[in-house]
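# Structure at a glance
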Amino acid sequence: MNYASTRNSSLKVTSAHAIVKGLSDEGGLYVPESIPKLSKEEILGLCDKSYVERAYTVFSKFLTDFTPEELRHCVESAYNDKNFDTNNIAEITKLNGGKYILELWHGPTCAFKDMALQILPYLLTTSAKKTVDGKHIAILVATSGDTGKAALEGFKDVAGTSISVFYPEDGVSPMQKRQMTTQEGKNVNVCAVKGNFDDCQNGVKAIFTDKSIEDKLAANNVLLSSANSINWGRLAPQIIYYVSTYAQLVKNKEIEYGDKVNIVVPTGNFGNILAAYYAKLMGIPVNKLICASNSNNVLTDFINTGVYDRNRHFYTTISPSMDILISSNLERLLYHLTDENDKLINEWFGALKTSGKYEVNDEVKNKLSELFYAGCCNDDETKAEIRKTFEEEHYLLDTHSAVAVKVYDDYKAKTGDDTKTIIASTANPYKFGRAVYDAVNGGKQPDDEFELISLLEKETDTKMPVPLAATKNKAVRFTGVVDKQDMGKVVLDFLNK
Ligand SMILES: *Cc1c(COP(=O)(O)O)cnc(C)c1O
């Protein structure tokens, strides 16, 4: 299996190369040259297997340049009960009306980013051994919250790597900040930036393209790399939980093999829902892929009209991990829907860069409406959904997952489709405790985060997960705040170069 680029379909690289490089030289995203299939026998065979075995089966079809021993090492090191609070890795909770909540937040940072970032360090160090053996890999991350912490937990104390995370000083939730500034590990660094998320992201990009930094690091045998969501090594692990969940529903006799399911995903950068599309292409019987957005509904409009237009108001919402106007992974979907037409992709994404807008052709519009349903909801509707689900079913949703459930309820009311439906739940509610408390209780809130959380625990009879509770008594290790032009110096100082 080789990988091409969305902007150069004649490119052929191995998965190890794609994972180490992250982004192709001409700015495209790496895509598999064909999508491997899972036969009926293979899917039925997965029903009685563990998550590790299911992961091994899916990875072995995509990462064909990894040896069986290497793959086994990667999946066993990542998906175990030291890193996750359940051996099932992803849990399924059944709600009324054919809804299956796929809980993707049982990892060390309580958000779905763990599903990929627990294994990425192993995929990356194994890939580096094959392509750039002996080099030290220095990971740089700009984060608006969830990715930074998940990457820190994934890379902490992984030999041959180090990681630097930059976050906007006032742009993350109190819990997210606590999680990052108390991070343990010898090879980690965390720094706040005076500015917003875009400043962090631009600062990291500037370091990647700074020749003097690159030369200095190269002389010391250090290679910069990124852990962001366009890396194939983050996307491939996300396909697994959709395959695994289908197998599990068959095993639990909730469905029979061949029954179609809907999949609903609260969407930001389009990575998680793209993984569900890949699962469908592999042979998982999927009816509709349902793309759920908050008030930043650029994807809702795109799927419904074929026009992508980022020239619009940016809303700061209570589901901040979906506050995004450029969904990078959409480029991969369009590459497949145009039958790998790199010329069209260059045209459209060139237009996105220059004018912030592009329109796809009728053929792609038709395919989009066949495959997808898209909807959105605002903060008030999100809170109302959290309250309703809690009151009716005593199940506490986080703000992102609630967007998904609300959009699904709208879809069902509109279409009458009663196909059984998997809803991706992307964060534990305690990660966004303030908005969740406000949704179920309203009224006045204590300023102190842990006081608020103990109220939420009492009033909902639920428990804060152990890794979040543990941050309360951990020492703050990282207090640095820098101007954005000093980020390069922070990286060089940390790497001691
Ligand atoms: C990152 C994130 C999302 C969005 O996922 P994409 O793959 O970017 O679409 C949704 N919810 C939470 C909690 C997240 O951290």
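Scroll up to find the structure.
Structural notes, computed from the coordinates. Keep in mind that this is a model prediction, so the values were computed, not measured.

### Some remarks on the site of the ligand
Close to the ligand lie 15 residues; K113, D146, G268, N269 and T426 are nearest. A distance of 2.7 Å separates an oxygen atom of the ligand from a polar backbone atom of G268. Burial of the ligand by the surrounding chains reaches 96%, relative to a free accessible area of 390 Å². Residues that form the shell around the ligand fall into these classes: five nonpolar, eight polar and two charged.

### Overview of the nonpolar core
F59, L63, W232, I239, Y242, L334 and Y358 are the most contacted members of the largest nonpolar core, which totals 112 residues. Per-element tally for this core: the top contributor is helix α11 (residues 232-251), with twelve residues. For Y242, the residues in contact, after removing those within four places along its chain, are L102, I263, V265, N272, A275, A276, A279 and A424. Ranked by size, the runner-up nonpolar core spans 34 residues in total, among them M175, V405, I423 and Y430.

### Things to note about the state of the cysteines
Taken as a whole and judged by the stated rule, the model has zero disulfides. Not engaged in a disulfide, the cysteine C376 finds its nearest cysteine sulfur in C377; these two sulfurs lie 7.2 Å apart.

### Thoughts on the pairing of strand β5 (residues 99-103)
Among the five residues of β5, five are classified as buried, and the element is accordingly described as predominantly covered. Residues K99, I101 and E103 line one face of β5 and the alternating positions Y100 and L102 line the opposite face, and both faces are buried. Hairpin connection, strand β4 (residues 91-95) to β5: the antiparallel pair is bridged by three residues, and G97 has positive phi, about 80°. For β5 and strand β15 (residues 421-425), the ladder comprises five bridges, and the chain directions are parallel.

About the cut-offs
For every chain, the first residue of its written sequence is number 1, and the numbers climb from 1 along that sequence. Where totals are concerned, whole chains, interfaces and linings use all residues; where local detail is concerned, this predicted model gives features only for residues with pLDDT of at least 70, and gives and counts side-chain atom pairs only at 80 or more. The basis for every side-chain value is the complete set of non-hydrogen atoms in the structure, without hydrogens or water. One heavy atom suffices: a residue is near a molecule or strand as soon as one of its heavy atoms comes within 4 Å of it. Within 3.5 Å is the distance limit for a polar contact, defined as a pair of N or O atoms, with the added protein rule that one can donate a hydrogen and the other accept it, and that residues adjacent in sequence qualify only through two side-chain atoms. Reported accessibility uses the Shrake-Rupley method at a 1.4 Å probe radius. Residues are deemed covered only where the shown protein chains occlude them. Here the nonpolar group is Ala, Val, Leu, Ile, Met, Phe, Trp, Tyr, Cys and Pro; Asp, Glu, Lys and Arg are the charged ones; every other residue, Gly included, is treated as polar. Among buried residues, the Ala, Val, Leu, Ile, Met, Phe, Trp, Tyr and Cys ones that are joined through side-chain atoms within 4.5 Å form a nonpolar core. With a 1.4 Å probe rolled over the protein chains alone, any residue whose accessible area is under 20% of its type maximum counts as buried; one over 50% counts as exposed, and the rest are partly exposed. Runs of E in the DSSP output that reach at least two residues are strands. Runs of H or I that reach at least four are helices, and both are numbered from the N terminus. Should any heavy atoms of two residues lie within 4.5 Å, those residues are counted as being in contact. Any pair of cysteine sulfurs within 2.5 Å is marked as a disulfide. Pairing between two strands requires that DSSP report at least two bridges joining them.

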